[in-house]
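For reference, the chains in residue letters:
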Amino acid sequence: NGPDPRRWVRGGLLDVPTDEQMEPSATDSEDGSCWGLKDEVISELCFEHHDAIQEFETILSDLFPQFTISRLPEAVLSASVSPLTANAATFG
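Values in this document were obtained by computation on a predicted structure and should not be read as measured data.

### Focus on the overall build of the protein chain
When its secondary structure is counted, the protein chain shows four helices and two strands. Listed by position from the N terminus, the elements making up the protein chain come as β-α-β-α-α-α. Within the protein chain, the fraction of its 92 residues that count as buried is 18%. Once local pairs closer than 6 in sequence are excluded, the contacts in the protein chain between residues at least 24 apart make up 62%. About 7,200 Å² of surface is accessible on the protein chain, with carbon and sulfur atoms providing 55% of the total.

### What to know about a nonpolar patch on the surface
Nonpolar side chains collect at one region of the surface, where Ile 59, Leu 63, Phe 64, Phe 67 and Ile 69 lie side by side and expose about 470 Å² of accessible area between them. Accessibility expressed as a relative area gives 56% for Leu 63, which makes it exposed.

### As for the packing of aromatic side chains
For the coordinates displayed, the defined rule picks out one aromatic pair. Ring geometry for Phe 64 against Phe 67: centres 6.4 Å apart, planes inclined by 65°, an arrangement best described as edge-to-face. Judged by its relative accessible area of 37%, Phe 64 is partly exposed. What makes Phe 67 exposed here is its relative accessible area of 53%.

### Some words on the pattern of salt bridges
For the coordinates displayed, the defined rule picks out two salt bridges. One salt bridge in this structure joins Arg 7 and Glu 44, with 3.4 Å as the shortest N-O distance. With Arg 7 in the segment before β1 (8–10) and Glu 44 in helix α2 (residues 39–47), this residue pair connects regions lying 37 residues apart in the sequence.

Definitions and cut-offs
- Residues numbered from 1 in each chain as written.
- Predicted model: local features only at pLDDT ≥ 70, side-chain atom pairs only at ≥ 80, totals over all residues.
- Heavy atoms only, no water.
- Helix = DSSP H or I, 4+ residues; strand = E, 2+ residues; numbered from the N terminus.
- Buried < 20%, exposed > 50% of the residue type's maximum accessible area, 1.4 Å probe, protein only.
- Contact = heavy atoms within 4.5 Å.
- Areas by Shrake-Rupley, 256 points an atom, 1.4 Å probe, with all protein chains shown as cover.
- Patch = residues over 30% accessible without salt bridge, like charges linked within 9 Å, V, L, I, M, F, W, Y side chains within 5 Å.
- Salt bridge = Lys/Arg side-chain N within 4 Å of Asp/Glu carboxyl O.
- Phe/Tyr/Trp six-rings, centres within 6.5 Å; stacked < 30°, edge-to-face > 60°.

Distances and angles like these do not, on their own, reveal function.
As structure tokens, this is what we get:
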């Protein structure tokens, strides 16, 4: 049970900072409560054309015409920050 294992990995999203270092903690993710997209899937979503993503960006642009909707290059956030985050929350 759970999301498609070809695209998702258990513990793949580390987004719970620790008190000591304010860095992501693996403990909450490794217990099975969190699934994240595999690295190659994130790259595919970020760097290949997808009609659904284009449609979503268009909807955002229409909702917020006063803002420019764009994707930030790696140079802005650094290679350690993913341009996309996805989490498949599962029961149990």
